[in-house]
Amino acid sequence: MRPWSWRIISCVFLPFAAGYYLSYLFRMINTLICGRLASEFELGTADLGLLASIHFLVVTGSQIPLGMLLDRFGPRRVQSALLLLAASGAALFGLSSGFLSLLLGRAMIAFGTAASLMSGLKTVVLWFPRERVALINGYMIMLGALGAVTATAPAEALLNWIGWRSLFEVLAVSSAIAAAVIYFLVPEQDATRKSPRGTVSMKTVYTDGRFWRIAPISSTCIGSAWALQSLWAASWLSDVEGLDRTSLVTQLLVMAIALSIGALLLGVVADSLRRHGKNIETLLAIIAAVFIAAELALIVHPPFLSLPSWTIVAVVGSAIALSCAIIGDYFPTELIARANGVLNVLHFGWAFLVQYGTGLILEQWPAKDGHYPSIAYQTAFSINVVLQLAALVWFIAPWLKKLNWKSQIALRRKSMDQSRSVQVVIPSAEMVILGTDEDVEW
């Protein structure tokens, strides 16, 4: 690696990775504090679902306008300003006295961290060679996913020590420091000259058939993985598995570590496949199929432990590194960041629907001692799986059509070969019969 690249890593890559780390931490911290919030503010599952999913809703609605701001003003200025807003939201959340102030603080945090991934990916495109984008994306997502690791046992220790309100004040200060580091340390880069006008690029993305082929499978799988891991995994483990607090946090820690390692591994695999000219869409289809199988295992709920299934769910959440690599193959360099932003709209939008919708479905069953029955989770997860199966079929449909076309050609060739053999054999038989008859008459 060239010496100057280490300066780019320390002064460009790591500050944006820190911002993405904070966004992941803010997203996943709900898993630990939802019980405390429900007890202190008397919140139901629908309220908790809305409080958690408002993050995804705000991020979904802000992806396109923030993408335009990133193209216009560059990641440095946009991300530093947004992190200041996230710091204000965290401070408000920690001082909240009711559900509305919690919701407003949560929305401010969501908007303040909404561009963390997109600004990081755009920075990678601007500062690193395109052939290394898949690998660097994997590193970015891996480091960001460490926020999910922090939101388990380390955050639990802080919660027990200083409480959830003080924890959010600490996060507010950390966000403000990250904003200052990005603004004063990251050098300016001319992003506008590499990006086309917003209307043209958006039209290019939205009218591309390849994008609409990958979008359903990517959003339904990755968005679902985010929604489940950031909220409903803990509820499922408590209600269905009956885990105590210590065991629950331990399993969440394992899932978070799997998320981080999975991002790195998928980035490395995608980078290797691209450098060898291989198709990485097949890998995405395999991951989706394994994810569906893991969810089916949770629905059936066999007697063995559910940790392997939940670990797969966590790893699928890091498959955004793979989706971004595929998008990089679809579009030229100047459109990659905008295309990723458009895809993220669907990722976060689906996560919102799954997270909030699951809460609504669970409330259709009466809770017993604060726990919902297995059938409630089975119903919610089953609806999700059906939609994912439809998206997977849509994704592999061109391959199935191609295989069917090849099989039809093979059958036609076989039929033609048989017809030719019949035409050759029949005259020979007639000659034998005629020859025999002539001998008899003679």
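A quick note: this is a predicted structure, and the numbers were derived from the prediction, not measured.

Right, let's get into the overall build of the protein chain. Counting secondary structure elements, the protein chain contains 16 helices and zero strands. Classification of the 442 residues of the protein chain by burial places 52% in the buried group. Working note: accessible area of the protein chain is about 19,600 Å², and carbon and sulfur atoms make up 68% of it.

Let us look at the pattern of salt bridges. Applying the stated criterion across every chain, the model contains four salt bridges. The salt bridge partner of Arg 245 is Glu 156, with a shortest N-O separation of 2.9 Å. Here the residue Arg 245 occupies a position in helix α11 (residues 245–275), and Glu 156 occupies one in helix α8 (residues 153–185), the gap between them amounting to 89 residues. Assessed through its relative accessible area of 35%, Arg 245 is described here as partly exposed. Here Arg 213 and Glu 281 are joined by a salt bridge, their closest N and O atoms 3.0 Å apart. Pair noted here: Arg 213 is in helix α10 (residues 209–239) and Glu 281 is in helix α12 (residues 281–300), with a separation of 68 residues, a long-range link. Here Glu 281 falls in the buried class, since its relative accessible area comes to 9%.

Looking now at the environment of Asn 279. Structurally, Asn 279 is set in the loop between α11 and α12. Each C-alpha atom, one on Asn 279 and one on Asp 329, is 9.8 Å from the other, the two residues being 50 residues apart in sequence.

Here we take up the nonpolar core. Counting residues in each nonpolar core, the largest one holds 136 residues, and the members touching the most others are Leu 37, Trp 164, Phe 168, Ile 217, Trp 310 and Phe 381. When residues of this core are assigned to their parent elements, the largest contribution, 16 residues, is made by α10. Shared between two domains, this core takes at least three residues from each, and those domains are domain 1 (1–188) and domain 2 (205–398). If near-sequence neighbours (up to four positions away) are discounted, Leu 37 is found in contact with Glu 42, Leu 43, Leu 51, Phe 93, Leu 102 and Trp 164.

Our focus in this paragraph is the packing of aromatic side chains. Two aromatic rings are characterised by how far apart their centres lie and by the angle between their planes. Using the criterion set out here, one finds 16 aromatic pairs in the structure. Taking 6.5 Å as the distance between ring centres and 80° as the angle between the ring planes, the aromatic pair formed by Trp 164 and Phe 168 counts as edge-to-face. Of this pair, Trp 164 and Phe 168 both sit in helix α8, four residues apart, which is roughly one turn of that helix. By relative accessible area, which is 0% here, Phe 168 ends up buried. Feature note: the residues Phe 26, Phe 41, Phe 93, Trp 164 and Phe 168 constitute an aromatic cluster, connected by ring pairs.

In this model, the largest pocket occupies a volume close to 410 Å³. What lines the largest pocket is a set of 24 residues, and nearest its centre among them are Cys 34, Gly 35, Ser 235, Ser 238 and Asp 239. Listed by contribution, the elements that provide at least two residues to the lining of the largest pocket are α2 (30–41), α3 (45–73), α10 and α11. Counting residues per element, the lining of the largest pocket draws most heavily on α10, at six residues. When the residues that make up the lining of the largest pocket are grouped by side-chain class, the tally is 13 nonpolar, eight polar and three charged.

Mean pLDDT over the protein chain: 83, with 87% of residues reaching 70 or higher. Of the regions scoring below 50 in pLDDT, residues 191–200 engages in 17 contacts with residues more than four places distant in sequence or in other chains. Within the model, pLDDT remains below 50 along residues 428–442, and this stretch shows zero contacts once partners closer than five positions in the same chain are excluded.

Right, let's talk about the side chain of Ser 62 for a bit. Along the chain, Ser 62 turns up in helix α3. On the basis of relative accessible area, Ser 62 is assigned to the buried category, the value being 2%. Apart from residues no more than four positions distant in its own chain, Ser 62 is found in contact with Phe 111 and Ala 114.

Moving on: helix α6 (residues 116–127). Between its first and last C-alpha, α6 extends 16 Å over 12 residues, near the 16 Å set by a 1.5 Å rise per residue. The buried fraction of α6 amounts to 11 of the 12 residues, a majority that puts the element mostly inside the structure.

Attention shifts here to unusual backbone geometry. Although it is not a glycine, Glu 42 adopts a positive phi angle of roughly 55°. Considering the arrangement of structural elements, one finds Glu 42 in the loop between α2 and α3.

A word on the side chain of Thr 152. When you line up the elements, Thr 152 lands in the loop between α7 (133–150) and α8. At a separation of 2.5 Å, a polar atom in the side chain of Thr 152 contacts the main-chain carbonyl oxygen of Val 149. Once you skip the residues sitting within four places of it in the chain, Thr 152 turns out to touch Leu 32, Val 249, Leu 252, Leu 253 and Ala 256.

The next point concerns the environment of Ala 114. With respect to the helices and strands, the residue Ala 114 is situated in the loop between α5 (99–113) and α6. Taking C-alpha positions, Ala 114 is 8.6 Å from His 55, a pair spaced 59 residues apart along the chain. Not counting chain neighbours up to four residues away, the residues in contact with Ala 114 comprise Val 59, Ser 62, Gln 63 and Leu 66.

In this section: the packing of α12 against helix α14 (residues 320–330). Two elements in contact, α12 and α14, have axes whose closest approach is 10 Å; the angle formed by their N-to-C orientations is 150°. Comparing the axis directions of α12 and α14 gives the class roughly antiparallel. Considering how the two elements wind past one another, α12 and α14 form a crossing that is left-handed. Residue-level inspection shows Glu 281, Leu 283, Leu 284 and Ile 287 of α12 in contact with α14, the latter providing Leu 322, Ser 323, Ile 326 and Tyr 330. For the contact of α12 with α14, the class distribution of residues is six nonpolar, one polar and one charged.

Criteria and cut-off values
- Residues numbered from 1 in each chain as written.
- Predicted model: local features only at pLDDT ≥ 70, side-chain atom pairs only at ≥ 80, totals over all residues.
- Heavy atoms only, no water.
- Helix = DSSP H or I, 4+ residues; strand = E, 2+ residues; numbered from the N terminus.
- Buried < 20%, exposed > 50% of the residue type's maximum accessible area, 1.4 Å probe, protein only.
- Areas by Shrake-Rupley, 256 points an atom, 1.4 Å probe, with all protein chains shown as cover.
- Salt bridge = Lys/Arg side-chain N within 4 Å of Asp/Glu carboxyl O.
- Core = buried A, V, L, I, M, F, W, Y, C linked by side-chain atoms within 4.5 Å.
- Domains from an automatic or database assignment.
- Contact = heavy atoms within 4.5 Å.
- Phe/Tyr/Trp six-rings, centres within 6.5 Å; stacked < 30°, edge-to-face > 60°.
- 1 Å grid on protein atoms, 1.4 Å probe; cavity = no way out; pocket = protein on both sides within 12 Å on 5 of 7 lines; lining within 4 Å.
- Points joined across faces, edges and corners; volume = space filled by probe spheres on them.
- Nonpolar A, V, L, I, M, F, W, Y, C, P; charged D, E, K, R; others polar.
- pLDDT = per-residue confidence, 0-100.
- Expected span 1.5 Å × (residues − 1).
- Polar contact = N/O pair within 3.5 Å; in protein donor to acceptor, adjacent residues only side chain to side chain.
- Axes fitted to C-alpha atoms, helices over the stretch in contact; angles between N-to-C directions.
- Parallel < 35°, antiparallel > 145°, perpendicular 65-115°, else oblique.
- Left-handed = near helix turned anticlockwise from the far one by under 90°.

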